[in-house]
Amino acid sequence: KKVADRYLKREILGEGTYGVVYKAIDTKTGQTVAIKKIRLGKQKEGVNFTALREIKLLKEIRDPNIIELIDAFPHKGNLHLVFEFMETDLEAVIRDPNIFLSPGDIKSYFQMTLKGLAVCHKKWVLHRDMKPNNLLIGSNGQLKLADFGLARLFGSPGRKFTHQVFARWYRAPELLFGAKQYGAGVDVWAAGCIFAELLNRRPFLQGDSDIDQLGKIFQKLGTPTHSQWPDLEWLPDFVEYSSQIAQPWRKLCPTASDDALDLLSKMFTYDPRVRISVQQALEHRYFTSVPLPTDPAKLPRPA
Ligand code: ADP
């Protein structure tokens, strides 16, 4: 049976933050797609109106580094979002012990991540849930951001404990201190965590609670001083942490080049107003120095 008279359902791909994801065939184009079923729950009426209007905006974004939203429609009380089907994701690449990532490969994957993010930020949309399994990889090696805009539309993922755990590792300090107003810097911090994870092949800051997450950050990067982050003490959940000094970047990411470490340190700037922007990061000399980013079609992917 077809959904919306157009999509032939295949197997379940997985259960995500917002609901089940199916593989399907688009009978109109023959293309394989992934359909994300979003439970609208009790806010059914309210969400529909604003959500559908915003989804229209997401549908209009066409970019090589952003997953295409092909279609969106309500069906049996659920919102269905139809995306292009992607082979794998960056988490699978990072975790695969059979994959060797050269410095050029890392540069290529990270450059595509930032390019996708730059498009979001240019449209004044924050991703808010950047993590390696939201960076999908197509059969041609192109990396594309998934799920952007959804966090704001359907509430922060995190109601489900398992998702909260993973998202926490990428959370910026201003969010952990309860900032209500925040900006593009939260995505930059998360991207920095992903960069470090690509370099080290393991999550960079693995806290097991929000308090512990801040502890893990300070243990590596040192506690922020007043001059580094003057507004910190005004944040809602501010508490004093016993002071620790920053470890050298060379020690935190032993395999990284000097250019990579310079960019990394700028992404992990404490004061979100001073933190490098995505556009500035893309213009950093790391991306123009040798080795150049690997051609996406030649990037290693899981077998
Ligand atoms: P999460 O909320 O944990 O990020 P998602 O809802 O994004 O999870 O996805 C759930 C599952 O569906 C995952 O296994 C993911 O790999 C798969 N998936 C999501 N989007 C796509 C897509 N466009 N193509 C192929 N698989 C996808």
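All values derive from a computational prediction rather than experimental measurement. (Residues numbered from 1 in each chain as written. Predicted model: local features only at pLDDT ≥ 70, side-chain atom pairs only at ≥ 80, totals over all residues.)

This next bit is on the site of the ligand. Around the ligand, the structure places 19 residues, and the nearest of them are Gly14, Gly16, Thr17, Val21 and Ala34. For the shell around the ligand, the secondary-structure elements that each account for two or more residues are strand E2 (7–15) and strand E4 (32–39). Among the residues forming the shell around the ligand, the class breakdown is 10 nonpolar, 6 polar and 3 charged. (Near = placed C-beta within 6 Å. Helix = DSSP H or I, 4+ residues; strand = E, 2+ residues; numbered from the N terminus. Nonpolar A, V, L, I, M, F, W, Y, C, P; charged D, E, K, R; others polar.)

On to the pairing of strand E3 (residues 20–26). Note that E2 and E3 share 6 bridges and pair antiparallel. Counterpart to Lys9 in the pairing with E3 is Ala24. What sits between E2 and E3 in their antiparallel hairpin is a turn of 4 residues, with Gly19 showing a positive phi close to 150 degrees. Judged from the 5 bridges that link them, E3 and E4 form a sheet pairing that is antiparallel. For Ile25, the partnering residue across the bridge sits in E4 and is Thr32. Linking E3 to E4, which pair antiparallel, is a turn of 5 residues; within it Gly30 sits at a positive phi near 80 degrees. (Pairing = 2+ DSSP bridges.)

A few words on the pairing of strand E5 (residues 69–75). Looking at chain direction, E5 and strand E6 (residues 78–84) are connected through 6 bridges and run antiparallel. Residue pairing for E6: Asp71 is matched across the bridge by Val82. Where E5 folds back on E6, the antiparallel hairpin that results is connected by 2 residues, among which Lys76 adopts a positive phi of roughly 50 degrees.

Our focus in this paragraph is helix H10 (residues 258–267). Here H10 has its buried residues at Ala260, Leu263, Leu264 and Met267. With its buried residues spanning 100 degrees around the axis, H10 presents them on a single face. Taken together, the buried residues of H10 touch helix H7 (185–200), helix H9 (249–252) and helix H11 (278–282). (Buried ≥ 20, exposed ≤ 12 C-beta atoms within 10 Å, placed from the backbone. Arc of directions from axis to C-beta. Contact = placed C-beta atoms within 7 Å.)

What follows covers the UniProt feature "active site" (unreviewed entry) in the protein chain. Sites flagged by UniProt as "active site" (unreviewed entry) map to Asp129. Along the chain, Asp129 turns up in the loop between helix H3 (103–122) and strand E8 (135–137). (UniProt positions renumbered as here; feature names shortened; annotations may be inferred.)

Residues Ala190, Ala191, Cys193, Phe195, Leu198 and Met267 are the most contacted members of the largest nonpolar core, which totals 70 residues. With 11 residues, H7 is the largest single contributor of residues to this core. Those residues in contact with Cys193 that sit more than four places away from it in its chain are Trp169, Tyr170, Phe204 and Leu205. (Core = buried A, V, L, I, M, F, W, Y, C linked by C-beta atoms within 7 Å.)

Another point: the environment of Lys107. With respect to the helices and strands, the residue Lys107 is situated in helix H3. Lys107 sits 171 residues away from Val278 along the chain, and the two C-alpha atoms are 15 Å apart. Excluding residues that lie within four positions of it along the chain, Lys107 makes contacts with Phe287, Pro291 and Pro293.

Right, let's get into the packing of H3 against H7. For the pair H3 and H7, interaxial distance at closest approach is 10 Å and the crossing angle is 165 degrees. On the basis of their axis angle, the class for H3 and H7 is roughly antiparallel. As for the relative orientation of H3 and H7, their crossing is right-handed in sense. Residue-level contacts link Ile106, Tyr109, Phe110, Thr113, Leu114 and Leu117 of H3 to Asp187, Ala191, Ile194, Phe195, Leu198 and Leu199 of H7. Per-class residue counts for the contact of H3 with H7 are 10 nonpolar, 1 polar and 1 charged. (Axes fitted to C-alpha atoms, helices over the stretch in contact; angles between N-to-C directions. Parallel < 35°, antiparallel > 145°, perpendicular 65-115°, else oblique. Left-handed = near helix turned anticlockwise from the far one by under 90°.)

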